[in-house]
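Fold and geometry: a report
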Amino acid sequence: MPAVSKGDGMRGLAVFISDIRNCKSKEAEIKRINKELANIRSKFKGDKALDGYSKKKYVCKLLFIFLLGHDIDFGHMEAVNLLSSNRYTEKQIGYLFISVLVNSNSELIRLINNAIKNDLASRNPTFMGLALHCIANVGSREMAEAFAGEIPKILVAGDTMDSVKQSAALCLLRLYRTSPDLVPMGDWTSRVVHLLNDQHLGVVTAATSLITTLAQKNPEEFKTSVSLAVSRLSRIVTSASTDLQDYTYYFVPAPWLSVKLLRLLQCYPPPEDPAVRGRLTECLETILNKAQEPPKSKKVQHSNAKNAVLFEAISLIIHHDSEPNLLVRACNQLGQFLQHRETNLRYLALESMCTLASSEFSHEAVKTHIETVINALKTERDVSVRQRAVDLLYAMCDRSNAQQIVAEMLNYLETADYSIREEIVLKVAILAEKYAVDYTWYVDTILNLIRIAGDYVSEEVWYRVIQIVINRDDVQGYAAKTVFEALQAPACHENLVKVGGYILGEFGNLIAGDPRSSPLIQFNLLHSKFHLCSVPTRALLLSTYIKFVNLFPEIKTTIQDVLRSDSQLKNADVELQQRAVEYLRLSTIASTDILATVLEEMPPFPERESSILAKLKKKKGPGTVTDLEEIKKERSSDMNGSAEPASVNASAVSTPSPSADLLGLGAAPLANSAPPPSSSGSLLVDVFSDSPSAVAPLAPGSDDNFARFVCKNNGVLFENQLLQIGLKSEFRQNLGRMFIFYGNKTSTQFLNFTPTVICSDDLQSSLNLQTKPVDPTVDGGAQVQQVVNIECVSDFMEAPILNIQFRYGGTFQNLSVKLPITLNKFFQPTEMSSQDFFQRWKQLSNPKQEVQNIFKAKHPMDAEITKAKIIGFGSALLEEVDPNPANFVGAGIIHTKTTQIGCLLRLEPNLQAQVSV
Amino acid sequence: MIKFFLMVNKQGQTRLSRYYEHVEINKRTMLEAEVIKNCLSRSKDQCSFIEYKDFKLVYRQYAALFIVVGINETENEMAVYELIHNFVEVLDKYFSRVSELDIMFNLDRVHIILDEMVLNGCIVETNRTRILAPLYVLDKVAES
């Protein structure tokens with residue numbers, strides 16, 4: 001027989017528990033329990049009145065059975081009876097049963113309330129304690145109605161025992177949480193605040209919990225708690241380790257109370273009173289100092305308790321976010337913990353640092369730990385620690401380290417736990433977008449994301465990449481080329497097919513000049529994936545096909561054949577069938593100009609909050625991410641600005657930058673046979689001057705438009721009352737393809753419509769242009785399209801002239817515009833390090849290799865716009881290369897058929913004088 | 001705030017459970033099973049905090065017995081972690097070297113100790129002498 005039971009051992013209970021323990025199977029256990037339940041039920045229903053001891057024993061058994069996971073539907077009445085017993089042991093079991101088993105809407109509450117009322121009035125502190133515990137644990141509305149008036153009185157009465165005060169404080173807290181309307185603030189509130197000064201630390205501990213909750217809801221009423229909490233905290237942290245006797249835990253004075261006081265202070269901003277503020281700063285410094293002192297005990301409990309206080313102090317420092325010195329110290333302390341051998345500390349340090357990263361004072365300090373955090377991602381054996389590391393990397397990310405962090409996250413994604421993959425995908429997508437300067441990097445990142453974790457890439461992510469590609473014409477060609485290459489993989493994720501289908505449908509023409517990605521090859525590639533895809537993806541691909549019909553008239557019949565096949569026209573899926581029928585019909589009956597209008601390139605999407613961010617917020621729950629994001633937004637307000645299509649405003653800002661020094665890389669081996677690079681240096685100067693035209697004087701206003709096209713490829717080149725000329729072009733290495741759209745703005749036909757592209761003799765040798773003739777009649781309101789294939793043979797300065805002659809209502813019209821084919825279109829960006837750049841820069845000693853031009857900018861120079869210009873110009877924008885951050889540095893290679901010429905560029909803005917050197 | 005306080009052995013048998021927010025009995029059983037599964041699957045070099053649904057579990061293992069506390073974000077993990085140890089030390093003092101059997105056979109007393117330390121989800125007392133005071137009163141009454 002077990003002798004372990006203490007005190008008034010209930011023998012029957014011990015036997016029962018032993019029986020249960022000896023049960024060999026779950027079935028045996030259930031059988032034994034049912035037998036016992038039947039026994040107890042019969043005892044309770046029996047004629048013989050049970051004595052207190054028996055009732056207590058049976059109630060205790062029921063409690064044990066409940067703990068084993070069996071519902072108890074009787075015995076409540078007996079428990080309530082025990083409450084009115086005068087024996088402490090019986091009363092105690094009754095209360096225990098009720099607070100464990102009775103929920104707040106039980107019909108027994110009225111009876112229970114009666115018993116509680118009696119015990120509260122008994123003046124017996126032990127009974128009062130039991131009654132108050134019960135209210136604190138059950139806390140129903142009926143209880144609040146009965147006792148909300150009484151309890152504050154007990155709490156602040158001078159003669160109440162300390163232990164009763166403690167219970168009363170938490171009892172009031174419970175009633176306030178369940179029914180705040182029944183607990184009005186009153187004159188007791190100020191007296192509650194003064195409990196922080198109570199001699200008894202147990203009372204202070206209980207009161208701090210109560211005050212913290214009340215202060216969150218009524219900060220004004222409890223403002224005075226700040227100074228009291230600070231002075232209490234100060235007394236604790238400066239006390240000798242033995243002063244607080246039993247409240248000292250392994251030489252740490254009152255650690256739990258300290259934590260609670262620090263929590264309470266987090267309900268308020270830093271204290272206004274300089275004296276209080278000074279005292280608090282002293283406390284926090286003391287806590288930080290203690291972390292560096294040798295431990296007073298080798299026991300782990302000592303350091304754990306000390307660190308609990310330390311982490312809470314750091315939370316307060318972060319919450320105040322006003323003392324740079326403390327913030328940096330906190331960061332250093334956490335940095336030490338990042339390498340601590342205790343996993344718990346590493347976890348908490350990562351978590352804490354995450355909030356520290358959003359403070360402007362400590363953001364830089366946090367960033368210094370990037371290598372440690374990345375290492376944690378790679379080596380931690382605990383997924384929750386790795387998850388914290390991901391969170392921290394996300395929080396510490398900014399422009400300076402985005403590439404590294406995104407690369408590490410992608411790396412980690414390959415092996416990450418399934419449970420956190422989706423979140424990482426969202427984070428990578430957000431960071432890549434937010435900090436992309438070079439949108440080719442953004443496109444690469446997202447495609448990588450799909451490759452590595454395609455299943456976890458939600459719709460929001462791939463919608464977003466398409467929005468961005470459509471809104472930024474500087475990345476469209478690259479995106480088309482990249483998705484085309486990614487689709488070559490034998491097995492690619494369906495999400496990639498979606499993105500690829502969409503992008504090629506819009507911008508496939510930009511890479512069609514390359515024979516390796518000719519229209520037919522693009523189509524065949526996409527169609528080879530078609531049958532493996534789900535219905536929504538197939539529907540998307542069908543739309544891509546009809547877009548191809550417009551982009552590539554040469555493969556129209558192939559596409560029509562596919563649409564016409566039974567598997568499409570008679571597809572069991574209504575959506576697919578409908579699309580196939582409609583698209584086939586559209587491609588058959590519509591004229592090219594109607595097709596061109598219907599299937600025009602998607603207009604830019606309006607800028608709005610990234611849906612990915614919204615999704616991450618939803619995933620993390622409101623509050624957590626939002627705050628961080630808000631803070632970050634304030635810090636770098638430009639991050640969204642950079643995502644807007646920069647070239648849209650080109651007409652308003654014109655271009656201050658491109659005619660800065662452009663020089664050849666004479667020393668680079670690939671430029672051996674380059675002609676004197678000075679010619680390319682003067683390119684843009686020449687490009688802006690009028691060139692003589694044999695056919696017709698240049699149309700007025702066309703020069704302005706021409707200048708705009710230096711940095712962009714698509715848009716309206718010319719417009720008058722009759723005619724609009726639009727351009728869409730793409731260049732890759734030394735090849736290019738330009739679509740010229742002629743729109744008849746009138747309602748009358750144009751007759752004898754003959755556009756011709758004219759090159760001067762000089763230009764003919766260096767630029768090879770092929771055009772197809774167009775239909776000589778253009779109907780009113782219609783648009784015709786002309787394709788120009790371009791090959792750059794060697795460097796050139798002039799621009800070709802587009803001459804258009806036609807008859808409109810009997811009058812002969814003749815006009816000429818310069819076609820914006822400039823040398824920089826064959827410019828491919830090159831990334832290089834600061835060292836490389838300046839080494840090459842210095843090698844360019846020959847005066848012929850260098851051109852310097854000082855000009856007055858026509859418009860205020862905005863850094864972001866200028867960056868977009870340099871990228872639009874075709875060179876790579878090299879950040880953090882020039883020692884002066886205000887300067888812009890670019891590099892790239894000009895591709896011609898005969899040679900490749902490296903070019904370096906530096907733009908030194910002088911903002912005051914609005915002059916660039 | 002502390003949401004619940006559990007003592008579960010390695011076989012997954014609950015030895016003590018205290019909820020500070022009402023949870024239906026069938027949900028309790030499920031939650032306890034999941035919680036112990038989570039704890040058992042972890043090794044010594046993993047940290048003692050587990051994110052679980054919308055709260056955190058802080059756990060410590062003593063021989064074959066796990067003590068698991070569910071907390072929300074307003075609680076300090078390290079403080080709760082040491083609270084568990086303080087609780088065990090109080091049990092140790094009262095039972096002189098506490099074992100799982102002590103807890104099973106003296107469930108009412110373990111509850112009293114816990115109620116003295118944690119009330120309504122808040123830490124209310126940490127002083128060992130004062131935690132045990134009402135229990136000693138009880139024992140005295142029982143003896144007489």
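In the block above lies the structure referred to throughout.
Rules behind the numbers
Residues numbered from 1 in each chain as written. Chains lettered and ligands numbered in written order. Predicted model: local features only at pLDDT ≥ 70, side-chain atom pairs only at ≥ 80, totals over all residues. Heavy atoms only, no water. Helix = DSSP H or I, 4+ residues; strand = E, 2+ residues; numbered from the N terminus. Contact = heavy atoms within 4.5 Å. Phe/Tyr/Trp six-rings, centres within 6.5 Å; stacked < 30°, edge-to-face > 60°. Buried area = accessible area lost by both parts, 1.4 Å probe. Salt bridge = Lys/Arg side-chain N within 4 Å of Asp/Glu carboxyl O. Pairing = 2+ DSSP bridges. Axes fitted to C-alpha atoms, helices over the stretch in contact; angles between N-to-C directions. Expected span 1.5 Å × (residues − 1). Buried < 20%, exposed > 50% of the residue type's maximum accessible area, 1.4 Å probe, protein only. Parallel < 35°, antiparallel > 145°, perpendicular 65-115°, else oblique. Left-handed = near helix turned anticlockwise from the far one by under 90°. Nonpolar A, V, L, I, M, F, W, Y, C, P; charged D, E, K, R; others polar.

1. Regarding the side chain of Q568(A)
Looking at the element boundaries, Q568(A) is found in helix α31 (residues 566–569). In this structure Q568(A) touches H527(A), F530(A), L542(A), V562(A), L563(A), L576(A), Q577(A) and A580(A), once residues within four positions along its chain are discounted.

2. Brief notes about the packing of aromatic side chains
Residue and element names in this part refer to chain B. If you walk through the whole model with that rule in mind, you get 28 aromatic pairs over all chains. Seen from their ring centres, F4 and F55 are 5.6 Å apart, and the 85 degrees between their planes marks the pair as edge-to-face. Linking F4 in strand β1 (residues 2–9) with F55 in strand β4 (residues 55–62), this pair joins segments that are 51 residues apart in sequence. Ring geometry for F49 versus Y81: centroids 6.2 Å apart, planes at 70 degrees, classification edge-to-face.

3. Description of the interface of chain B and chain A
On the chain A side, the residues contacting the 61 residues of chain B number 67 residues. Taken together, both faces of the contact between chain B and chain A bury some 5900 Å²; the carbon and sulfur share is 56%. When the area that chain B buries against chain A is broken down by residue, the three leading residues are M78(B), F105(B) and N120(B), summing to 12%. Our count for the contact surface shared by chain B and chain A stands at four salt bridges. Linking R388(A) and E51(B) is a salt bridge whose minimum nitrogen-to-oxygen distance equals 2.4 Å.

4. Description of the sheet that holds strand β7 (residues 750–758) of chain A
Residues and elements named next belong to chain A. Strand order in the open sheet formed by three strands is β7-β10-β11, and the pairing between neighbours is antiparallel. Looking at the sheet topology across the chains shown, the edges are occupied by β7 and β11 (811–818). Strand-to-strand twist of the sheet, defined as the mean angle between neighbouring strand axes without regard to direction, takes the value 15 degrees. Sheet analysis places β7 next to strand β10 (residues 801–808), joined by seven bridges and oriented antiparallel. Residue P755 lies in a different strand from β10, and its bridge partner there is I804.

5. Regarding unusual backbone geometry
For N752(A), which is not glycine, the phi torsion reads 50 degrees and is therefore positive. For S96(B), which is not glycine, the phi torsion reads 40 degrees and is therefore positive.

6. Let's talk about helix α23 (residues 418–434) of chain A
Compared with an ideal rise of 1.5 Å per residue, which puts 17 residues at 24 Å, α23(A) spans 25 Å between its outermost C-alpha atoms and is within 8% of the ideal. Within α23(A), 14 of the 17 residues are buried, which leaves it mostly tucked inside the rest of the structure.

7. As for the packing of helix α25 (residues 459–471) of chain A against helix α27 (residues 494–507) of chain A
Residue and element names in this part refer to chain A. Close contact between α25 and α27 brings their axes to 10 Å; oriented N to C, the two are set at 20 degrees. One finds that α25 runs roughly parallel with respect to α27. Pair α25 / α27 crosses with right-handed handedness. On the side of α25, the interface is formed by W462, V465, I466, V469 and I470, while α27 contributes N495, K498, V499, Y502, I503, E506 and F507. The class makeup of the residues in the contact of α25 with α27 is nine nonpolar, one polar and two charged.

8. Describing the environment of E78(A)
All names here are of chain A. Considering the arrangement of structural elements, one finds E78 in helix α4 (residues 76–83). Sequence separation between E78 and K56 is 22 residues; the distance between their C-alpha atoms is 8.7 Å. Once you skip the residues sitting within four places of it in the chain, E78 turns out to touch F44, K55 and V59.

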